[in-house]
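Structural characterization, general
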Number of protein chains: 2
Amino acid sequence: MNARALHQDLPAAIVAAIGDVVGAAAVGLHEPRFGGNEWNYVKECIDSSFVSSVGKFVDRFEQELAAFTGATRAIAVVNGTAALHVALRLAGVEPGDEVLLPALTFVATANAVSYCAAVPHFVDSEARSFGMDAVALRAHLTASCEMRSGHCVNRATGRVIRAMVPMHVFGHPVDIEALLAVAHDFNVVLIEDAAESLGSSVGGRHTGTFGRMGTLSFNGNKTITTGGGGAILTNDAALGARLKHITTTAKLPHRWNFVHDEVAFNYRMPNLNAALGCAQLEQLPAFLADKRALYQAYQDRFAAVPGVQVVREPAGCTSNYWLQALLLDADAAPQRDAILGATNDAGFMTRPVWTLMSSLAPYSAAPRAPLPVAAMLEQRLINIPSSAGLVRSL
Amino acid sequence: MNARALHQDLPAAIVAAIGDVVGAAAVGLHEPRFGGNEWNYVKECIDSSFVSSVGKFVDRFEQELAAFTGATRAIAVVNGTAALHVALRLAGVEPGDEVLLPALTFVATANAVSYCAAVPHFVDSEARSFGMDAVALRAHLTASCEMRSGHCVNRATGRVIRAMVPMHVFGHPVDIEALLAVAHDFNVVLIEDAAESLGSSVGGRHTGTFGRMGTLSFNGNKTITTGGGGAILTNDAALGARLKHITTTAKLPHRWNFVHDEVAFNYRMPNLNAALGCAQLEQLPAFLADKRALYQAYQDRFAAVPGVQVVREPAGCTSNYWLQALLLDADAAPQRDAILGATNDAGFMTRPVWTLMSSLAPYSAAPRAPLPVAAMLEQRLINIPSSAGLVRSL
């Protein structure tokens, strides 16, 4: 079979391989699994009538998240976007600043920068982890920025580059140590977008705990869910207290008075959602094991499919394998949409990686580094069904 | 008994009166009641696995809210603060604009203005409804503003006054028709903050449906709760579609592509919370009847307590009686904190009205009209236990 014939059959080959792993029934991209105490805790929450801003499940969820990740403090919020917004604010991002973001990310990261009236500055990804490329970033900053009064200033725009927000794509840890070195050398605050990487670690240390702050998401499509929710991690106890204060309307404690000492946010996670989260967190180790087993099953089966690789965790890292992904060979990239069509037609929900932020209308004029790797990945990555529950059919 | 003796006994008299109405056990200010299908719907939601951004309860909750309020469209969001923020954005509030707010409101209203990088401009309340005073507002705008190119400009600051956000305090409808006339005459967009007034109406028309948009809250302390949640009402179907788009990341519908066409928000209400809301909404008529009965019981009992009046709905309006309130006579005002202490010590949770926004540190420099009525009310209003469930003990 020559290369052309092979690639003409690629969509069908991928449909067959997915079917062999997950079975013939239609499956979503990532569905939550509720097999533990979800029901008990949510019922307890409703029966107690504490479903909202006060209640024990929020405190418990925060404590258990901190224990699981090793962060000094975890603050539960309404979703991952809110977590990013507040983290940027408390990182000192001011209107008119620039924030370094991977072009290859979900739109929430760029929007959170916009909420601060700051400007995203897009940088390239590395082929290893699909996250922010530290080597390319250093070269870009060296070439296009200069230090003024201790701040990194974009020479073209005159704006201060205040922060960077690397993201752990699909749960695969980015090269965080190298990025921390760049952040240090250019005096840029590093916030880790760990929305996708609960359970992922680098050298045994949990993602989201390397930067000044890290953010998590518990949206319905994540490894664990609270319906909608997120959290901010930090190892600075004083910053943790500030984060709690600013996400809960900055109300000063008093027996009855309503005094709020700064402009703040109503970003608290309701107790109802935290109850679900506590039950999900108990099952996280099992979910992670099942997701890893699913990865292995895909890896084994796709070994027989030329033209495509199942994405594996970077060396030295543990991935949560949140979203399983296929990387098409360069000469198979033109078949991306045919593969997406065939798999979705077969009932296997698949999707491409995000459209690059730098291509979206609201960010089309934002500053950017050269983005060759991100542009390549955009054409060649496809996510395939990834639910922890799929491993049951193995 | 002379006036001095009477007022020395006022805290004890109020404790006794509250106790006669609600019983001797400790009670909160406003606790939710879960006596309907909460459990069934939440279980259905968890069993379906659709707890997050997709699911039938969000659509149903929105449809039922629209039907109940008579609005053309209701958009469920993550909380009332988010509803206000988005409503202000789509009202055209731009950075540097001013927005007219009552000084006597919850901090969320002022914060939502700040999120738009706009500036709150505080105005006075009327003694009748505790809401924005239309007569004083018209006089203030006439004296301090001028129309330039069709826009109302604050002469002192040079800023355009783009919107006004009257609020229906404790559920009692403000004089919305008079405010609409002021809004029309000065070309200011009127957004109704109906966070507290689900079930309240003016001449049979539901609060929140008079302005360009109206906002609701379903926080745990509101008449019905979704844990945390809110909604935006509008009678403009096109605006309703815009609101849905901008509260759900502005993603364009596509089988698999992720294209977002504007900077937008992740403000959607999770399906889990909407499931609770659907059950609560079914019981709303009963809650409203019980809250009205509680008001009547307080009214009857407090007739024997000189120096204080139970607040009643304005003439021509139907209030939901969300929070029951006592208005102290002028000469009893100095006893406010003694009353708060005595009632809370007795286990009856009470609170004063909010500290005026114009006194809070983040808003201490904001522009303002004279605020004599708001300042008077701040000293004389006390909220007393208001849960719909309290009527059971009558």
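As the structure is a prediction and not an experimental result, all values here were calculated from the model. (Residues numbered from 1 in each chain as written. Chains lettered and ligands numbered in written order. Predicted model: local features only at pLDDT ≥ 70, side-chain atom pairs only at ≥ 80, totals over all residues.)

**Points about the pairing of strand β4 (residues 145-148) of chain B**
Residues and elements named next belong to chain B. We apply this condition: Pairing between strands is defined by DSSP: at least two bridges between the two strands are required. Counting from the N terminus, the helices are DSSP H or I runs at least four residues long and the strands are E runs at least two residues long.
Two elements, β4 and strand β5 (residues 151-154), share four bridges in a ladder whose sense is antiparallel. The partner of E146 across the bridge, within β5, is V153. Hairpin connection of β4 to β5: two residues between the antiparallel strands, including S149 at a positive phi of 50 degrees.

**Some words on the environment of R292(A)**
All names here are of chain A. Rules: Neighbour density around each residue's C-beta defines its exposure: 20 or more other C-beta atoms within 10 Å make it buried, 12 or fewer make it exposed, and counts between make it partly exposed, where C-beta atoms are placed from the backbone.
When you line up the elements, R292 lands in helix α10 (residues 271-302). Since 18 C-beta atoms lie within 10 Å of it, R292 is described here as partly exposed. The spatial distance from the C-alpha of R292 to the C-alpha of T318 is 9.9 Å, given a sequence separation of 26 residues.

**Thoughts on the relation of the copies chain B and chain A**
The line we're drawing: Least-squares superposition aligns the copies on the C-alpha atoms of those residues with pLDDT at or above 70 in both.
Its rotation angle being 180 degrees, the transformation that places chain B on chain A also includes 0.0 Å of axial translation and leaves an RMSD of 0.0 Å. Between the two chains, the operation in question is that of a two-fold axis.

**Quick look at the sheet that holds strand β14 (residues 324-328) of chain A**
All names here are of chain A. If you walk across this open sheet you meet the four strands as β12-β14-β16-β15, and the pairing is antiparallel. Sheet topology places β12 (308-310) and β15 (351-352) at the edges, where each strand pairs with a single neighbour. The pairing of β12 with β14 spans three bridges and is antiparallel. Considered in β14, the bridge of Q309 is made with L327.

**Looking at the packing of helix α5 (residues 80-90) of chain A against helix α6 (residues 107-115) of chain A**
Residue and element names in this part refer to chain A. To keep things clear, this is the line we draw: Geometry is summarised by axes, namely lines fitted to C-alpha atoms with helices restricted to the contacting stretch, and by angles between N-to-C directions that run from 0 to 180 degrees. Here roughly perpendicular refers to angles of 65 to 115 degrees, roughly parallel to angles under 35, roughly antiparallel to angles over 145, and oblique to all remaining angles. Working rule for handedness: look at the near helix, and if it is turned counterclockwise from the far one by less than a right angle, call the crossing left-handed; if clockwise, right-handed. We call two residues in contact when their backbone-placed C-beta atoms lie within 7 Å. Each residue receives one of three labels: charged for Asp, Glu, Lys and Arg, nonpolar for Ala, Val, Leu, Ile, Met, Phe, Trp, Tyr, Cys and Pro, and polar for the others, Gly being one of them.
One way to put it is that α5 packs onto α6 with a least axis distance of 9 Å and a crossing angle of 45 degrees. With respect to α6, the axis of α5 lies oblique. Considering only the axes of α5 and α6, their crossing is right-handed. Of α6, the residues touching α5 (which contributes G80, T81, L84, H85 and L88) are A108, T109, N111, A112, V113 and Y115. Tallied by class, the residues present in the contact of α5 with α6 amount to six nonpolar, five polar and no charged.

**Quick look at the sheet that holds strand β9 (residues 205-206) of chain B**
Strand pairing within a sheet occurs via backbone hydrogen bonds; the two strands may be parallel or antiparallel. Residues and elements named next belong to chain B. Taking strand neighbours across the sheet as the criterion, the three strands line up as β9-β8-β13 in an open arrangement whose pairing is antiparallel. Both edges of this open sheet fall to β9 and β13 (317-318), since each of them pairs with a single strand only. Two elements, strand β8 (residues 201-202) and β13, share two bridges in a ladder whose sense is antiparallel. Note on β13: the bridge partner recorded for V202 is C317.

**Thoughts on helix α7 (residues 134-144) of chain A**
Residue and element names in this part refer to chain A. Selection rule: Arc definition: it is the arc formed by the directions from the helix axis to the C-beta atoms.
Those residues of α7 lying buried are A134, L137 and L141. Viewed end-on, α7 has its buried residues packed into an arc of 60 degrees, placing them on one side of the element. Opposite the buried face of α7, at more than 90 degrees from it, the exposed residues are V135, T142 and A143.

**So, the domain arrangement of chain A**
Residue and element names in this part refer to chain A. Keep this limit in mind: For every domain, the bounds stem from an assignment made automatically or drawn from a database.
Partitioning chain A into domains gives domain 1 (3-27 + 283-393) and domain 2 (38-280). Each of domain 1 and domain 2 has a C-alpha centre, and these two points are 26 Å apart. Contacts between domain 1 and domain 2 engage 34 residues on the former and 42 residues on the latter. Elements that contribute at least two residues to the side of domain 1 that touches domain 2 include exactly α10, β13 (317-318) and α12 (372-380). The biggest single contributor to the side of domain 1 that touches domain 2 is α12, with five residues.

**Here we look at the interface of chain B and chain A**
Across the boundary between the two partners, chain B contributes 51 residues, which contact 51 residues of chain A. Looking at the side of chain B that touches chain A, the elements that each hand over two or more residues are α3 (38-48), α6 (107-115), α10 (271-282), α12 (336-345) and β15 (351-352) of chain B. Looking at the side of chain B that touches chain A, the element that brings in the most residues is α3(B), giving five residues. Of the residues in the side of chain B that touches chain A, the class split is 24 nonpolar, 20 polar and seven charged.

**Quick look at the pairing of strand β1 (residues 73-77) of chain A**
Residue and element names in this part refer to chain A. In terms of residue burial, β1 counts as a mostly covered element, since five of its five residues are buried. A two-sided burial pattern is seen for β1, the buried positions comprising R73, I75 and V77 on one face and A74 and A76 on the other. Pairing analysis gives five bridges linking β1 to strand β11 (residues 230-234), with the strands arranged antiparallel. If you follow R73 over to β11, its bridge partner there is T234.

**Some words on the nonpolar core**
As a reminder, the rule being used: In this usage, the nonpolar core is the set of buried Ala, Val, Leu, Ile, Met, Phe, Trp, Tyr and Cys residues whose C-beta atoms join them within 7 Å.
Grouped together as the largest cluster of nonpolar side chains are 275 residues, with contacts concentrated most on V77(A), L88(A), V77(B) and L88(B). Ranked by the residues each element gives to this core, the list is headed by α10(A), at 13 residues. Residues in contact with V77(B), not counting those within four places in the same chain, are A82(B), A83(B), V86(B), G230(B), A231(B), I232(B), T247(B), Y267(B), R268(B) and M269(B).

**Things to note about the environment of A91(A)**
Residues and elements named next belong to chain A. Take A91: it is sitting in the loop between α5 and β2 (98-102). Residue A91 is classed as buried on the basis of its C-beta count, with 22 C-beta atoms lying within 10 Å. Once the C-alpha coordinates of A91 and N266 are considered, the two residues, 175 residues apart in sequence, prove to be 19 Å apart. Look past the residues within four positions of A91 in its chain and what remains in contact with it is R162, A163, V189, I191, R212 and M213.

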